[in-house]
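Below are the chains, spelled out letter by letter.
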Amino acid sequence: MTTIDNGVNVQALLDAREVLKGAPEAAQFTWRASSKWTRGVHSTTTIEKFFGLGQEQTHKAQTEYASDHPAVFAAEDNGITPIEYLLVGLAGCLTAGVASVAQNRGIQLRSVEATVEGNHDIRGILGADSDIRNGYNDIKVTFHIDADASKEEIEAIVAQSQKRSAVFDALTNPTDVTVEVA
Amino acid sequence: MSAERVTTVVVGAGHAGLAASHFLTARSIDHVVLERGEVANSWRRERWESLRLLTPNWLSRLPGLDYDGPDPDGYMTAGEVAGLIDRFAAVVAAPVREQTALTALSRTEGGYRLSTGGGELLARSVVLASGACNVPVTPSFAAAVPSGVRQLTPFDYRSPAQVGEGGVLVVGASATGVQIAAELQRSGRQVILSVGEHVRLPRMYRDRDVLWWMDASGVWDQRYDEVEDLDRARRLPSPQLVGGAKRETLDLNALTELGVELVGRWAAVRDGAALFSGGLRNVCSLADLKMNRLLAGFDQWASSSSSFEEIAPTLVPARTRLKLDLGSGEIGTVIWATGFRPDYRWLDVPVLDEKGRLRHEGGVVDSPGLYALGLPLLRRRRSTFLNGIEDDARYVVDHLAAGLV
Ligand SMILES: Cc1cc2nc3c(=O)[nH]c(=O)nc-3n(C[C@H](O)[C@H](O)[C@H](O)COP(=O)(O)OP(=O)(O)OC[C@H]3O[C@@H](n4cnc5c(N)ncnc54)[C@H](O)[C@@H]3O)c2cc1C
């Protein structure tokens, strides 16, 4: 039998699932980001620490993400727009899910590519039409997957990846968001 | 007041409790069956008028009582099920005490103490057959639905005539939800159906009832200790099936055809509006994939050489609404078809897990002499249905009897 290696340690994830069943407190994670305005609509957001497994945790390295807006919005384009980060998050999350589910189902992947398109009517954010929402109207993800599997098996992996995706859930379900001034 | 002593008490005179009684009698174990209402109470009081079983008559056999009526391929009404269970009680000659509710069950030295409307009982063993569907489950945000909208559960719902004017939002697309949505839409109301994870099945596959395939190919015989994710399997929603003379399929495509509007899972109420998930397409493709896998499994079992009988994928509207203003008058009624759970408020024995579910190994509860029957996938996949009780009850009573020696 050939061993399947998509580089995902599924056993560790399955073990964690078992352990966390009896320890819901440890499963409570808080992910954090902090941002600093630079100038114009340009800002940088830093991510380094988070809370999980009952204690403070630190990423191996601090990562910085620049957000700006493109020249067509009369901005300097020092980074991608915040709403594009949602697409980054979605693509990253679904792709991670595809790799994990494939590993768990014993399917060897050769390549996974995702194209994500979000349709956004900017009249909403401009306040030009109050019937138009601010966020995306719809998002389409197209996967090209090369794997030792039938088309049906691949479709099942992609469907399962959505079912387990944190970002897919965050985008498709409402979330209670509080914004306050400290 | 002195307590009455009996070897075994069975709680509940549904088909499960009566099946337990059948096997207890066969082993000459003295027992009583407590019933808060009448025999088959849930079929008399907790079902809507048009309900028919989704399992065909030939499958609704009980221990010692095969279906012998004129229509083995038909589907019983709730009233007919009550009649069947009445006959079963008579055949079994079950010692049922009707109008006798159990109000407290606690552990004693040699067994259990039971408080009932009719006094105290002491028993060495107890079989809980009080039902898996005693309380309709509704999400917590039901409390945030504006008071102008009427809310019903399947326990309150009787027929379209009882539902007032205005549109109806049916929440949940399992057997109960799709059946109620179809009948309300046919009655002339506009129905919106909020769809979460669901199990899609055609009524007929290759000219046979799909439940014939499940029965014959052994799907239902899978044991609880063979199921990969038992927790999930026990929480599996009921399949989108309806019984009726036409033997029609009642999946989301059929509902769309009737004019029902599909929306995603109802996720929250915010500012008086219902917010629905945008993930409808995903739950539908999961349901399609699982259905096709099941049907392909039937073909494999039958070593059928003819190619797989193609079923059209679920047609998901290009765009579903994500928001519905509950104050606009568009919706007059919400019907929660969001599942049921057992009621264990009288249970003073620490055998419930953190989610309030009974801890048991195939019906043997985690407390000596305590047993359960009638829960989903108790011992086999067929446990979920009337038809599954025979093997379960026999096993549980065998185990119970072994504990008495
Ligand atoms: C809407 C619906 C549709 C269904 N359709 C089908 C179908 O098509 N085919 C199929 O095979 N199965 C179907 N089922 C499942 C089937 O109903 C159950 O498997 C069956 O009813 C369970 O039987 P039971 O004897 O375990 O519980 P019940 O029939 O619920 O019996 C439990 C009894 O216990 C009594 N009781 C409860 N608490 C107490 C107490 N504290 N003291 C005394 N008595 C008590 C109740 O009054 C009741 O009479 C359906 C269920 C529902 C809810």
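Each value, and the rule that gives it
Residues numbered from 1 in each chain as written. Chains lettered and ligands numbered in written order. Predicted model: local features only at pLDDT ≥ 70, side-chain atom pairs only at ≥ 80, totals over all residues. Heavy atoms only, no water. pLDDT = per-residue confidence, 0-100. Near = heavy atom within 4 Å. Polar contact = N/O pair within 3.5 Å; in protein donor to acceptor, adjacent residues only side chain to side chain. Areas by Shrake-Rupley, 256 points an atom, 1.4 Å probe, with all protein chains shown as cover. Helix = DSSP H or I, 4+ residues; strand = E, 2+ residues; numbered from the N terminus. Nonpolar A, V, L, I, M, F, W, Y, C, P; charged D, E, K, R; others polar. Contact = heavy atoms within 4.5 Å. Buried area = accessible area lost by both parts, 1.4 Å probe. Salt bridge = Lys/Arg side-chain N within 4 Å of Asp/Glu carboxyl O. Core = buried A, V, L, I, M, F, W, Y, C linked by side-chain atoms within 4.5 Å. Buried < 20%, exposed > 50% of the residue type's maximum accessible area, 1.4 Å probe, protein only.

*Asks:* What should I look at first to understand the confidence of the model for chain B in this one?
*Replies:* Interpreting fine coordinate detail is not advised for predicted regions of low pLDDT. Averaged over all residues, the pLDDT of chain B is 95; the fraction at 70 or higher stands at 99%. Overall fold confidence for the complex sits at a pTM of 0.93, while the interface term, ipTM, reaches 0.87.

*Asks:* How should the site of the ligand be read in this particular structure?
*Replies:* Residues and elements named next belong to chain B. Taken together, 29 residues sit near the ligand, with Glu35, Leu54, Thr55, Leu102 and Leu386 positioned nearest. Take Leu54: an N or O atom from its main chain is 2.6 Å from an oxygen atom of the ligand. At 2.9 Å from a nitrogen atom of the ligand is found a main-chain nitrogen or oxygen belonging to Leu102. Here the ligand has 970 Å² of accessible area as a free molecule, and 93% of this is covered by the chains. By residue number, the principal contributor to the shell around the ligand is helix α2 (residues 41-45), which donates three residues. Tallied by class, the residues present in the shell around the ligand amount to 15 nonpolar, eleven polar and three charged.

*Asks:* Help me understand the interface of chain B and chain A in this model?
*Replies:* Many analyses report the size of an interface as the accessible area lost when the parts associate. The interface of chain B with chain A comprises 21 residues on the first partner and 17 residues on the second. In total, chain B and chain A occlude about 1,400 Å² of area from one another, counting both sides; carbon and sulfur atoms represent 47% of this. Across the contact surface, chain B and chain A share two salt bridges. Between Arg319(B) and Asp138(A) there is a salt bridge, with the nearest N and O atoms lying 2.8 Å from each other.

*Asks:* How do you make sense of the nonpolar core when you look at a structure like this?
*Replies:* Here is a general trend for soluble globular proteins: nonpolar side chains tend to be buried in one another's company. Membership of the largest hydrophobic core comes to 91 residues, with the highest contact counts inside it found for Trp43(B), Leu105(B), Leu114(B), Leu193(B) and Leu373(B). Non-local contacts of Trp43(B), meaning those with residues more than four positions away in its chain, are made with Leu51(B), Leu53(B), Ala78(B), Val81(B), Ala82(B), Ile85(B) and Leu386(B). In terms of nonpolar packing, the next biggest core, distinct from the first, is built from 19 residues, Ala91(A), Leu94(A), Ala147(A) and Ile157(A) among them.

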